[in-house]
Every structure is written in C-alpha cells, then in structure tokens.
Amino acid sequence: MSLRIGVSGNKGSFSEEAAEYYCQKNKIVDYELDYLIGVDNALKDLVEGKVEKVIFPIENSNGGAVIEALYAMSNYVFKIEDIFEIDIKHNLLVKPGIKTNQIKKIISHPQALKQCRMYLGRKWKDIELVEYSDTASAAKDISKGLLDETHAAIAPIICAKMYGLDILENSIQDLKFNYTSFIYAKKKED
C-alpha cells in the first residue's frame, strides 16, 4: 500500500517539488501525492487520517515565515518528523503570445510575491499584484481561462510545460539563493 503524502500546493507547485525531492533523498519509492492547496487543508487531512504524511513550507530565506503555515499549525496537533530546504526559482508565466506590454496583473501566492518584491517594484511598479492560493494554481487557472489572459503568474518553471504557458522571464526571485524550509510531518499518536 502506497504512502499517502499531502502537499500544500497544486500539481506543479513548490510543495510538490519539495515532496519529490524529499522522497528521492530518503529513498521513499512507494508513495502517492494528494494536492491539497493550502497548509490548513493539508493539516486537516493529516489529523483526519486521509493522508499519512504532509509536506508544507514554513519559512523562506528572503520572504520570511509563511504566515499561512503559522496560522494553520496553531489549529492542529501533529508531529514534525523532519525539516528540510530546497532552492526556489520563480518564473513569470503567461498565456502563449501574451507580450510584456499586455500584462495587467501579476498573481501568485503571497510568499512568492514577497520573494520577488524588488524585481516587481523595479520592473512592474504600475501593475496590480494579486495574492492567490498557490503558485501552481495561478498558472493553471490562467491556462484554463479562469483568469484573464492579461494576467501573469509567478510560478515554478515546470508549470510552463505542465499548463502550456510561455516563460516571459525566469529566475525572477530577488536573491540568487532563495531557500524555503519545508516541514515533513505525521499525525501525532495519542
């Protein structure tokens, strides 16, 4: 029976990347990922026994604490098994054919917007920034037409291929080394 791991993002998210990295590093081969979009959703499914483990971000070297994670952690009892980090590279993704001058809004998870704030202030100071539930969900929703085609998403590079988007710019994070710490947790035994 496969190990069920809940991740706090959508398919293509940094949380998925972190889960794949963690499983490979720790030689976990028989597992399935549940894409739970949000730390609260991930921890809720963990304590309810719908997943056996969860992986979610807690802090970034540039953006600081992941506030969403802190709030969610205060609502659930669980056991942290490990804390690890991965290097995060942000990319600006758009619908195919959309040019720089057509962008009206840039959307992403609040933490991604924080990690790119100097870049955004320098290059996109007149563009509205919109917080979204997840980096990969922003990319997916642009590709599916759920968001206007004049929106750009800050998301992992894998989302470009996964959701058929163009890379307008890559590695747009403010710091060359941009590490996020992730928690690997299980349900607390009674």
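Residues numbered from 1 in each chain as written. Predicted model: local features only at pLDDT ≥ 70, side-chain atom pairs only at ≥ 80, totals over all residues. Heavy atoms only, no water.

Participant: I'm lost on the pattern of salt bridges in this one. Help?
Facilitator: Any two side chains of opposite charge can pair if their charged atoms end up close together. Considering all chains together, one arrives at ten salt bridges under this definition. For Glu48, the salt bridge goes to Lys50, with nearest N and O atoms at 3.1 Å. For Glu48, a relative accessible area of 42% gives the class partly exposed. Glu81 is the salt-bridge partner of Lys53, the closest N and O atoms lying 3.0 Å from each other. Taken together, the positions of Lys53 in strand 3 (residues 53-60) and Glu81 in strand 5 (residues 78-87) put the pair 28 residues apart, joining distant regions of the chain. A relative accessible area of 14% means that Lys53 is categorised as buried. The partly exposed category is assigned to Glu81, whose relative accessible area is 34%. Salt bridges sharing partners connect three or more residues here, namely Arg4, Glu32 and Asp34. (Salt bridge = Lys/Arg side-chain N within 4 Å of Asp/Glu carboxyl O. Buried < 20%, exposed > 50% of the residue type's maximum accessible area, 1.4 Å probe, protein only. Helix = DSSP H or I, 4+ residues; strand = E, 2+ residues; numbered from the N terminus.)

Participant: For this particular structure, what's the right way to read the sheet that holds strand 7 (residues 105-108)?
Facilitator: Each strand in a sheet pairs with its neighbour through backbone hydrogen bonds, running either in the same direction (parallel) or in the opposite one (antiparallel). Here we have five strands laid out as an open sheet, ordered 8-7-9-6-10, and mixed in their pairing. The outermost strands of the open sheet, each flanked by one partner alone, are strand 8 (128-131) and strand 10 (166-170). Each neighbouring strand pair of the sheet contributes to a mean axis angle of 30°, computed without reference to strand direction. Where strand 7 meets strand 8, four bridges bridge the pair, whose relative direction is parallel. Bridged to Lys105 within strand 8 is Glu128. Along the sheet, helix 6 (residues 135-143) contacts strand 6 (91-94), strand 7 and strand 9 (151-155); its crossing angle with strand 9, the most-contacted strand, is approximately 150°. (Pairing = 2+ DSSP bridges. Axes fitted to C-alpha atoms, helices over the stretch in contact; angles between N-to-C directions. Contact = heavy atoms within 4.5 Å.)

Participant: Hey, could you run me through the pairing of strand 9 in this one?
Facilitator: If a strand is regular, its side chains alternate between the two faces of the sheet. Burial of strand 9 is extensive: five of the five residues sit out of reach of the surface. Burial along strand 9 is two-sided: His151, Ala153 and Ala155 and Ala152 and Ile154, pointing in opposite directions, are all buried. In terms of strand pairing, strand 6 meets strand 9 through three bridges, oriented antiparallel. Across the sheet, the residue bridging to Asn91 is Ala155, located in strand 9.

Participant: Whenever I open this one, empty space enclosed by the protein confuses me. Can you help?
Facilitator: It is a probe the size of a water molecule, rolled over the atoms, that shows where empty space is left. The final tally for this structure, using the stated rule, is one cavity of 30 Å³ or more. For the largest cavity, the calculated volume is near 230 Å³. Forming the boundary of the largest cavity are 20 residues, of which Phe14, Ser15, Pro57, His109 and Thr135 lie nearest the centre. Mapped by element, the contributors of at least two residues to the lining of the largest cavity are helix 1 (14-25), helix 4 (110-115) and strand 11 (179-187). For the lining of the largest cavity, the element with the highest residue contribution is helix 4, accounting for three residues. (1 Å grid on protein atoms, 1.4 Å probe; cavity = no way out; pocket = protein on both sides within 12 Å on 5 of 7 lines; lining within 4 Å. Points joined across faces, edges and corners; volume = space filled by probe spheres on them.)

Participant: Whenever I open this one, the state of the cysteines confuses me. Can you help?
Facilitator: One way to say it: the disulfide is the covalent bond shared by the sulfur atoms of two cysteines. Tallying each qualifying case throughout the model produces zero disulfides. Counting only cysteine sulfurs, Cys116 is the nearest neighbor of Cys159, a cysteine outside any disulfide, at a range of 14 Å. Here Cys159 falls in the buried class, since its relative accessible area comes to 0%. (Disulfide = S-S within 2.5 Å.)

Participant: Explain the environment of Phe84 to me, please; I cannot follow it from the model alone.
Facilitator: Summarising the element assignment, Phe84 is placed in strand 5. For the pair Phe84 and Val94, spaced ten residues apart in sequence, the C-alpha to C-alpha distance is 31 Å. Ignoring any residue separated from it by four or fewer positions in sequence, one finds Phe84 in contact with Ala18, Tyr21, Tyr22, Ile55, Thr180, Ser181, Phe182 and Tyr184.

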